[in-house]
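Understanding the architecture of this molecule
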Amino acid sequence: MDLKFNSSRKYISITVPSKTQAMSPHIKSIDDIVVLGINLSRFNKLTQFFICVAGVFVFYLIYGYLQELIFSVEGFKPYGWYLTLVQFAFYSIFGLIELQLIQDKRRRIPGKTYMIIAFLTVGTMGLSNTSLGYLNYPTQVIFKCCKLIPVMLGGVFIQGKRYNVADVSAALCMSLGLIWFTLADSTVAPNFNLTGVVLISLALCADAVIGNVQEKVMKLHNASNSEMVLYSYSIGFVYILLGLTCTSGLGPAVTFCSKDPIRTYGYAFLFSLTGYFGISFVLALIKIFGALLAVTVTTGRKAMTIVLSFIFFAKPFTFQYVWSGFLVVLGIFLNVYSKNMDKIRLPSPYDLIKKMVDLRKSGTLAQTV
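As named in an unreviewed UniProt entry, the protein chain is Adenosine 3'-phospho 5'-phosphosulfate transporter 2, taken from Odocoileus virginianus. According to its UniProt record, the protein chain has this under Sequence similarities (unreviewed entry): "Belongs to the nucleotide-sugar transporter family. SLC35B subfamily."

What follows is the structure in structure tokens.
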């Protein structure tokens with residue numbers, strides 16, 4: 001269909017393709033969000049949210065258990081960077097396989113941007129894994145669960161976002177709840193080390209930035225999750241390999257792991273596989289709902305990881321964990337509510353008081369009649 005407007009100066013032609021004209025696969029799938037073969041675009045927002053949350057909780061709970069299990073192997077604690085190298089290698093392989101299964105294999109995000117994302121990814125995961133060689137697991141979680149507030153600050157400075165009172169309250173509730181949740185265990189077996197504190201603090205800073213950077217570039221370039229994983233982790237693998245080679249840390253790690261390859265590399269493979277599945281759902285959360293909600297979900301997952309740690313690694317229990325859990329649940333509710341304020345209308349205190357007064361008046365009137 002052509003619409004033409006003629007004048008002395010202007011000629012405008014608008015062409016609308018007919019239904020028989022086939023659109024390219026790229027145009028068809030530009031808004032599709034596929035995670036592990038599941039096309040989330042076919043579902044409504046609420047269903048997408050629950051699928052992503054279920055994926056994050058299931059895979060990252062196993063991931064957290066395997067992470068603590070690996071570092072419980074005698075003599076493995078000094079080789080956190082080598083574990084990260086193996087993890088990045090597996091992630092790159094998994095990302096390459098997944099990328100080959102989708103139609104559009106083009107790289108959308110510029111290489112320079114990926115170099116920055118890879119550096120932040122190395123900082124987040126490498127420093128976090130290495131810190132476990134100096135800190136116990138609950139102490140590490142105390143620091144990691146504080147990243148909600150840095151993510152919000154990163155959103156303000158990097159993306160120019162503005163958060164409402166519900167978002168701020170959610171971040172505070174979840175951070176305070178998880179810190180309180182892990183304080184009991186850290187006091188039972190404190191293992192503070194200045195080196196570990198510095199490492200996990202740097203990892204926290206990188207983690208606060210990376211979610212906002214990923215959200216911004218994925219929305220700007222409409223990149224797929226598999227592309228993000230493949231290029232960021234493969235470049236990060238090169239960074240870590242060069243670092244271990246220059247510091248002579250590669251040889252001792254390979255020698256140690258070769259003594260018991262089934263436990264070391266076997267655990268590392270399962271650790272990487274569940275982590276890859278988990279990060280796929282996290283990236284989907286970032287792309288659909290934003291970095292703050294994604295971090296809120298992953299922070300809530302940490303509470304469940306601590307529970308499993310108590311069950312499988314025989315830690316003492318106190319009711320302090322129960323009250324802390326309530327704070328975490330409250331934080332999750334506040335964040336979900338803030339994202340759906342137009343659908344969920346909670347009455348204000350003024351409305352509640354007015355309603356109570358009206359009920360009392362109607363009751364008094366009924367008694368008078």
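After that view of the structure, there is still more to cover.
Let us now look at the overall build of the protein chain. Across its full length, the protein chain carries 14 helices and four strands. Looking at the protein chain residue by residue over its 369 residues, the buried ones come to 45%. In the protein chain, 85% of the contacts between residues at least 6 apart in sequence involve partners at least 24 apart. For the protein chain, the accessible surface area stands at approximately 19,600 Å², while carbon and sulfur atoms represent 69% of it.

Here the focus is the packing of helix 4 (residues 111–131) against helix 8 (residues 194–221). Taken N-terminus to C-terminus, the directions of helix 4 and helix 8 make an angle of 145 degrees; their axes are 8 Å apart at the nearest point. The crossing of helix 4 and helix 8 is left-handed. Where helix 4 approaches helix 8, its residues Thr113, Ile117, Leu120, Thr121, Gly123, Thr124, Leu127, Ser128, Thr130 and Ser131 are matched on the opposing element by Gly196, Leu199, Ile200, Leu202, Ala203, Ala206, Asp207, Val209, Ile210, Val213, Gln214 and Val217. Tallied by class, the residues present in the contact of helix 4 with helix 8 amount to twelve nonpolar, nine polar and one charged.

Another aspect to go through is helix 10 (residues 250–259). For helix 10, every residue scored as buried is listed here: Ala253, Phe256 and Cys257. The arc that holds every buried residue of helix 10, seen down its axis, measures 95 degrees, which confines them to one face. Contacts from the buried residues of helix 10 go to helix 3 (80–100) and helix 11 (261–289).

Mapped onto the elements of the fold, serine 131 is located in helix 4. The exposure class assigned to serine 131 is buried, which follows from its relative accessible area of 0%. Beyond its immediate chain neighbours, meaning those up to four positions away, serine 131 contacts Gln140, Gly196, Leu199 and Ile200.

Let's shift gears to the nonpolar core. The biggest cluster of nonpolar side chains holds 64 residues, and the ones touching the most others in it are Phe76, Tyr82, Met228 and Leu285. Here the element with the most residues in this core is helix 11; it accounts for twelve residues. Ignoring sequence-local partners within four residues, the contact set of methionine 228 consists of Ile109, Tyr114, Ile117, Gln214, Val217, Met218 and Leu283. Core analysis: the second largest hydrophobic core is formed by five residues, Leu127, Leu135, Leu199 and Ala203 among them.

Let us look at the confidence of the model for the protein chain. For the protein chain, mean pLDDT is 75; residues scoring 70 or higher make up 70% of the total. Least confident of the elements in the protein chain is helix 1 (residues 25–28), whose mean pLDDT is 33; most confident is helix 10, at 92. Of the regions scoring below 50 in pLDDT, residues 1–30 engages in 20 contacts with residues more than four places distant in sequence or in other chains. Counted against residues more than four places away or in other chains, residues 365–369, with its pLDDT under 50, gives zero contacts.

On to the packing of aromatic side chains, then. Tallied over the entire structure, the rule returns 20 aromatic pairs. Here tyrosine 82 and tyrosine 265 contribute two aromatic rings whose centre-to-centre distance is 6.4 Å and whose plane-to-plane angle is 75 degrees, an arrangement assigned as edge-to-face. In this pair, tyrosine 82 is assigned in helix 3 and tyrosine 265 in helix 11, connecting sequence segments 183 residues apart. Under the relative-accessibility criterion, tyrosine 265 is labelled partly exposed at 27%. Measuring from ring centre to ring centre gives 6.1 Å for phenylalanine 90 and phenylalanine 94, while their planes differ by 15 degrees; the resulting arrangement is stacked. A residue pair is termed a helical-turn pair when its members lie 3 or 4 positions apart in one helix, as phenylalanine 90 and phenylalanine 94 do in helix 3 at four residues. Aromatic rings pair up to connect Phe59, Phe88, Phe90, Tyr91, Phe94, Tyr233, Phe269, Tyr276, Phe277 and Phe281 into one cluster. For the cation-ring pair, lysine 45 lies above phenylalanine 289, with the distance from its terminal atom to the ring centre recorded as 5.7 Å.

Structurally, asparagine 212 can be placed in helix 8. Residues asparagine 212 and glycine 290, spaced 78 residues apart in sequence, show a C-alpha to C-alpha distance of 8.1 Å.

Bringing unusual backbone geometry into the picture now. Positive phi, close to 60 degrees, is recorded for serine 248, a residue that is not glycine. Within the fold, serine 248 resides in the loop between helix 9 (225–246) and helix 10.

In this section: a nonpolar patch on the surface. Residues Met304, Val307, Ile311 and Phe312 make up a contiguous nonpolar surface patch of roughly 370 Å² in combined accessible area. As for its placement among the helices and strands, valine 307 is situated in helix 12 (residues 291–312). In this structure valine 307 comes out as partly exposed when scored by relative accessible area, which is 31%.

Before going further, it helps to spend a moment on helix 3. Between its first and last C-alpha atoms helix 3 spans 30 Å; for 21 residues at 1.5 Å apiece the expected length is 30 Å, and the two agree. The element helix 3 is extensively covered by neighbouring structure, given that 15 of its 21 residues are classed as buried.

Conventions adopted
Residues numbered from 1 in each chain as written. Predicted model: local features only at pLDDT ≥ 70, side-chain atom pairs only at ≥ 80, totals over all residues. Heavy atoms only, no water. UniProt positions renumbered as here; feature names shortened; annotations may be inferred. Helix = DSSP H or I, 4+ residues; strand = E, 2+ residues; numbered from the N terminus. Buried < 20%, exposed > 50% of the residue type's maximum accessible area, 1.4 Å probe, protein only. Contact = heavy atoms within 4.5 Å. Areas by Shrake-Rupley, 256 points an atom, 1.4 Å probe, with all protein chains shown as cover. Axes fitted to C-alpha atoms, helices over the stretch in contact; angles between N-to-C directions. Left-handed = near helix turned anticlockwise from the far one by under 90°. Nonpolar A, V, L, I, M, F, W, Y, C, P; charged D, E, K, R; others polar. Arc of directions from axis to C-beta. Core = buried A, V, L, I, M, F, W, Y, C linked by side-chain atoms within 4.5 Å. pLDDT = per-residue confidence, 0-100. Phe/Tyr/Trp six-rings, centres within 6.5 Å; stacked < 30°, edge-to-face > 60°. Lys NZ or Arg CZ within 6 Å of the ring centre and 35° of its normal. Patch = residues over 30% accessible without salt bridge, like charges linked within 9 Å, V, L, I, M, F, W, Y side chains within 5 Å. Salt bridge = Lys/Arg side-chain N within 4 Å of Asp/Glu carboxyl O. Expected span 1.5 Å × (residues − 1).

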